[in-house]
Amino acid sequence: MNTTTISMEQFIELLPIITPILLIQLGLIIFCLRKVLKQTTFKFLNKPVWMMIILFVQLFGPIAYLLLERGENE
């Protein structure tokens, strides 16, 4: 069985690449959750479903929300 493990040195080397991606992801989640909480009507799904999609479908969930629910509620 071939298992891939990463050493602490490799992790520290990857940290400058991982950190901006994680910060962008976190910012996008917070931005979209705030928009969902303020929004009253939705085109496709309801508020709890969008919140779950934003939280659990990493990166693509917030982007899907921004693309599908933009429009007249702004």
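Source: prediction; values computed, not measured. (Residues numbered from 1 in each chain as written. Predicted model: local features only at pLDDT ≥ 70, side-chain atom pairs only at ≥ 80, totals over all residues. Heavy atoms only, no water.)

**Section: the domain arrangement of the protein**
Okay, step 1: Domain annotation for the protein reports domain 1 (1-38) and domain 2 (41-73).
Okay, step 2: Each side of the interface is counted separately: domain 1 has 9 residues, and domain 2 has 12 residues.
Okay, step 3: Contact between domain 1 and domain 2 buries roughly 1,000 Å² in total, counting both sides, with carbon and sulfur atoms accounting for 79%.
Okay, step 4: The interface formed by domain 1 and domain 2 includes 0 salt bridges.
Okay, step 5: Where domain 1 meets domain 2, there are 3 residue pairs in polar contact (both at pLDDT 80 or more).
Okay, step 6: Residues of the side of domain 1 that touches domain 2, tallied by class, amount to 7 nonpolar, 1 polar and 1 charged. (Domains from an automatic or database assignment. Contact = heavy atoms within 4.5 Å. Buried area = accessible area lost by both parts, 1.4 Å probe. Salt bridge = Lys/Arg side-chain N within 4 Å of Asp/Glu carboxyl O. Polar contact = N/O pair within 3.5 Å; in protein donor to acceptor, adjacent residues only side chain to side chain. Nonpolar A, V, L, I, M, F, W, Y, C, P; charged D, E, K, R; others polar.)

**As for the nonpolar core**
Okay, step 1: Counting 8 residues, the largest nonpolar core consists of I29, C32, L33, V36, F42, W50, I54 and Y65.
Okay, step 2: Summarising the domain contributions, this core has at least three residues from each of domain 1 (1-38) and domain 2 (41-73). (Core = buried A, V, L, I, M, F, W, Y, C linked by side-chain atoms within 4.5 Å. Buried < 20%, exposed > 50% of the residue type's maximum accessible area, 1.4 Å probe, protein only.)

**Quick look at the packing of aromatic side chains**
Okay, step 1: The full count for this structure, using the stated rule, is 1 aromatic pair.
Okay, step 2: With 5.4 Å between their ring centres and 70 degrees between their planes, W50 and Y65 make a pair best called edge-to-face. Here the residue W50 occupies a position in helix α2 (residues 47-56), and Y65 occupies one in helix α3 (residues 60-68), the gap between them amounting to 15 residues. This pair shows no difference in class: W50 is buried, exactly as Y65 is. (Phe/Tyr/Trp six-rings, centres within 6.5 Å; stacked < 30°, edge-to-face > 60°. Helix = DSSP H or I, 4+ residues; strand = E, 2+ residues; numbered from the N terminus.)

**A few points about the UniProt feature "domain: Cardiolipin synthase N-terminal" (unreviewed entry) in the protein**
Okay, step 1: UniProt feature "domain: Cardiolipin synthase N-terminal" (unreviewed entry): in the numbering of this structure it lies at residues 28-68.
Okay, step 2: Each end of residues 28-68 is marked by a C-alpha atom, and these two atoms are 15 Å apart; helix forms 73% of the span and strand 0%. (UniProt positions renumbered as here; feature names shortened; annotations may be inferred.)

**Comments concerning a nonpolar patch on the surface**
Okay, step 1: Taken together, the side chains of F44, L45, V49, M52, L55, F56, V57, L59, F60, I63, L67 and L68 make up a nonpolar region of the molecular surface, amounting to roughly 1,100 Å² of accessible area.
Okay, step 2: Those elements that provide at least two residues to the nonpolar patch are α2 and α3.
Okay, step 3: The topology assignment puts L68 in helix α3.
Okay, step 4: Taking the relative accessible area as the measure of exposure, L68 reaches 38% and is therefore partly exposed. (Patch = residues over 30% accessible without salt bridge, like charges linked within 9 Å, V, L, I, M, F, W, Y side chains within 5 Å. Areas by Shrake-Rupley, 256 points an atom, 1.4 Å probe, with all protein chains shown as cover.)

**Considerations on the side chain of E69**
Okay, step 1: Structurally, the position occupied by E69 is in the segment after α3.
Okay, step 2: The buried charged residue E69 lacks any salt bridge partner; its closest oppositely charged side chain belongs to K43, at an N-O distance of 6.1 Å.
Okay, step 3: A distance of 2.9 Å separates a polar side-chain atom of E69 from the backbone nitrogen of K43.
Okay, step 4: In terms of polar contacts, E69 uses its side chain to reach the backbone amide nitrogen of F44, at 3.0 Å.
Okay, step 5: Not counting residues up to four positions away in its chain, the partners in contact with E69 are Q39, F42, K43, F44, L45, W50 and A64. (Lys, Arg positive; Asp, Glu negative; His and termini not counted.)

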